[in-house]
Amino acid sequence: MIDKLFPNKLETTTEILARYPKRNLPEGAMVTRIAPSPTWFMHIGTLYTAMVSERFAHQSGGIFMLRIEDTDKKREVEGAGELVVEALDYYGIKIDEWQDLSGKEIWNYGPYKQSARQEIYASFVKDLVEKWLAYPCFCSSEELEETRKTQEEYSQRPGYYGQWAKWRNATEEDIQAELEKNTPFVIRLRSAGNYNKKIKYQDLLKWTIETSENDMDIVIMKADWLPTYHFAHIVDDYLMWTTHVIRWDEWLASTPLHLQMFEMMGWQAPRYGHLAPIQKLDNGNKRKLSKRKDPEASMSYYDENGYTKESILEYLTNLANSDFEDWRKANLNAPITDFKIGFERLSNSSWALFDFVKLDNISKEIISRMTSEEIYTRSLVWAEKFDKNLASLMKNNKEKFLSIFSIERNGEKTRKDIGKWSDVKWETEYFFDEWYSFDKASLKETYPNLNEADISNILSGFKATYDSSDSKEIWFEKVKALCDSIWFASNIKEYKKAPENFKGSIVEVTTILRLFLTGKTKTPDMYYIMQVLWKDKVFERLS
Ligand code: GLU
């Protein structure tokens, strides 16, 4: 019967085990991996898990692997596996063992793609069948559906177990008869679990599971001769000597089953840490990032918007260990890999909430520490891919862009207006006539009480004394003098004491100037903007 079930010659499990000797690693070294299924584009959660797993491995002198779990052929998306390799490379997450883009296996504990491990699984399945721990099941999906209906009718737990497990106690003759007929079959585990016995388990992220022992005879090998996730996980993580499995909490409920399977195989199980999925607030309610609904679930969103890789990594580290922020403040220029990530501080459900404001602040902080040259070079690389018009403007005006980026960059106050490369256009467009635009309606909206005469006084008053060779201090004194001369308070405190004595304050005056000059109400320091624009342009716009 066994020969009929497994007609191809297979390596024995002893031979296989000999090919995966114990790793020679220092005490306490962690072996971790990510094991994405190539069923979708690159998910931010995959990057998050990879980053956390890689940190644990390398901080402990261990190994980080990438294993592509491509056993679900129906749902596989062409190129999704490659996307993971490329993304990890781009984000500087160092993989020690994997199958590279040319298909080469890097290191000896592979193959690192499950479709190439089919014979390995088959050997272990065969071994289990020989030991009477697994068996073939010839039930059709209609038959299984029938059973489910009957169970429902008799208020029984649904599933393939105990008395409902039709092929569990089949005789060899029954099996032979089906094999003769070439009936398709799957291989199921002969579970020894007792549903009335409770087990308790706590994982590294302090999730506690209390559940019944598994008594389901789950499928371990599908009709297409590929393993199910459960079985492949056991075999692969054992052979690869994974010490810590860090994965999504959607697998938390299966962990007792996995522990049962490790025990059945007589193998030591790895430790598990289940990460809470990244969630977002949607109308005040927390929910998991959705692949379909939320563009920010995919890494392509961050590429297109021009987030820097440093920002993403810092943000994700902060999501993992919230004390990262304080560490960063105390270690401004240290490489992120110096931060020691800890299991005990790893976010449990309440923390992994995606917060764009935080990401933006982290990003602005990072870009504020870059030189103008670096901002120019990196935003240009982005623009060449995602905003061709901006790229050509940048290339034709390199010096001007460098001056723009230098505004408020080297003094005591550093500008923090650029958080991602797609912000560059908004922050620089008003320096170029072809992109500058000023909408008078926005002026009326901002200051409904100012009349045209006041506005005109501000503009012509400013022009009357503006001298582009003035120092910043003199420039500012002149603005204040202008305010006083047209009944706008140059001193905010005085204005607040008795607003009725004034038409407005210096805030209105500078905002009006800013609006005419840039079309915006918020920009970096206007003195420097005027320096970059040149006197003629300043006059032209104020006129
Ligand atoms: N292929 C599984 C998934 O993508 C892997 C889970 C694991 O890390 O074990 O969800």
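That block above? That's the structure.
Residues numbered from 1 in each chain as written. Predicted model: local features only at pLDDT ≥ 70, side-chain atom pairs only at ≥ 80, totals over all residues. Heavy atoms only, no water.

J.: Kindly report on the sheet that holds strand β9 (residues 219–221), identifying the contributing residues and their values.
T.: Read from one edge of the open sheet, three strands run β5-β6-β9, paired in antiparallel fashion. In this open sheet, the two edge strands, each paired with only one partner strand, are β5 (134–137) and β9. Adjacent strand axes in the sheet meet at a mean angle of 45° when their direction is disregarded. Pairing between β5 and strand β6 (residues 186–189): four bridges, direction antiparallel. When the sheet's bridge partners are listed, tyrosine 135 is paired in β6 with arginine 188. (Pairing = 2+ DSSP bridges. Helix = DSSP H or I, 4+ residues; strand = E, 2+ residues; numbered from the N terminus. Axes fitted to C-alpha atoms, helices over the stretch in contact; angles between N-to-C directions.)

J.: Give me the lowdown on the packing of aromatic side chains, citing residues and values where you can.
T.: Inspection of every chain in the model, using the stated rule, returns 33 aromatic pairs. When the ring of tyrosine 90 is compared with that of tyrosine 91, the centres are 4.9 Å apart and the planes differ by 90°; the resulting orientation is edge-to-face. Exposure remark for tyrosine 90: the relative accessible area of 39% places this residue in the partly exposed category. Aromatic side chains phenylalanine 185 and tryptophan 225 sit 6.3 Å apart centroid to centroid with 75° between the ring planes, which places their arrangement in the edge-to-face category. One end of the pair, phenylalanine 185, is in the loop between α7 (172–180) and β6; the other, tryptophan 225, is in the loop between β9 and α8 (229–239), with 40 residues separating them in the sequence. Looking at tryptophan 225, the relative accessible area reads 26%, which means it is partly exposed. Taken together, Tyr301, Tyr302, Tyr307, Tyr315, Phe354 and Phe356 form an aromatic cluster joined through their ring pairs. One residue, arginine 157, lies across the ring of tyrosine 161, its end atom 4.2 Å from the ring centre. A cation over a ring is seen here: arginine 188 above tyrosine 160, with NZ or CZ 3.6 Å from the ring centre. (Phe/Tyr/Trp six-rings, centres within 6.5 Å; stacked < 30°, edge-to-face > 60°. Buried < 20%, exposed > 50% of the residue type's maximum accessible area, 1.4 Å probe, protein only. Lys NZ or Arg CZ within 6 Å of the ring centre and 35° of its normal.)

J.: Help me get a handle on the nonpolar core, residues and values and all.
T.: Core analysis: the largest hydrophobic core is formed by 154 residues, its most contacted members being Leu88, Ile220, Phe231 and Phe462. Tallying contributions element by element places helix α3 (residues 44–59) first for this core, with eight residues. Setting aside residues up to four positions removed in sequence, phenylalanine 231 forms contacts with Tyr121, Phe124, Val125, Leu128, Ile220, Met261 and Met265. (Core = buried A, V, L, I, M, F, W, Y, C linked by side-chain atoms within 4.5 Å. Contact = heavy atoms within 4.5 Å.)

J.: I'd love a proper account of the packing of helix α15 (residues 388–396) against helix α16 (residues 398–406), names of residues and values included.
T.: In the contact formed by α15 and α16, the axes pass within 5 Å of each other and the chain directions differ by 100°. One element, α15, and the other, α16, form an angle in the roughly perpendicular class. Residues Leu390, Leu393, Met394, Lys395 and Asn396 of α15 touch α16, and the partners they reach there are Lys398, Phe401 and Phe405. Here the contact of α15 with α16 is composed, by residue class, of five nonpolar, one polar and two charged. (Parallel < 35°, antiparallel > 145°, perpendicular 65-115°, else oblique. Nonpolar A, V, L, I, M, F, W, Y, C, P; charged D, E, K, R; others polar.)

J.: So, the pattern of salt bridges: which residues are in play, and what are the values?
T.: Pairing is possible between side chains of opposite charge, provided their charged atoms come close. Under the counting rule described, the total for this entry stands at 46 salt bridges. Across the pair aspartate 282 and arginine 287 runs a salt bridge, and its minimum N-O distance is 2.8 Å. Owing to a relative accessible area of 19%, arginine 287 belongs among the buried residues under this scheme. The salt bridge involving glutamate 365 is made with arginine 369; its shortest N-O contact spans 4.0 Å. The partly exposed category is assigned to arginine 369, whose relative accessible area is 33%. The structure contains a network of salt bridges with shared partners spanning Arg33, Arg67, Glu69, Arg117, Asp236 and Asp237. (Salt bridge = Lys/Arg side-chain N within 4 Å of Asp/Glu carboxyl O.)

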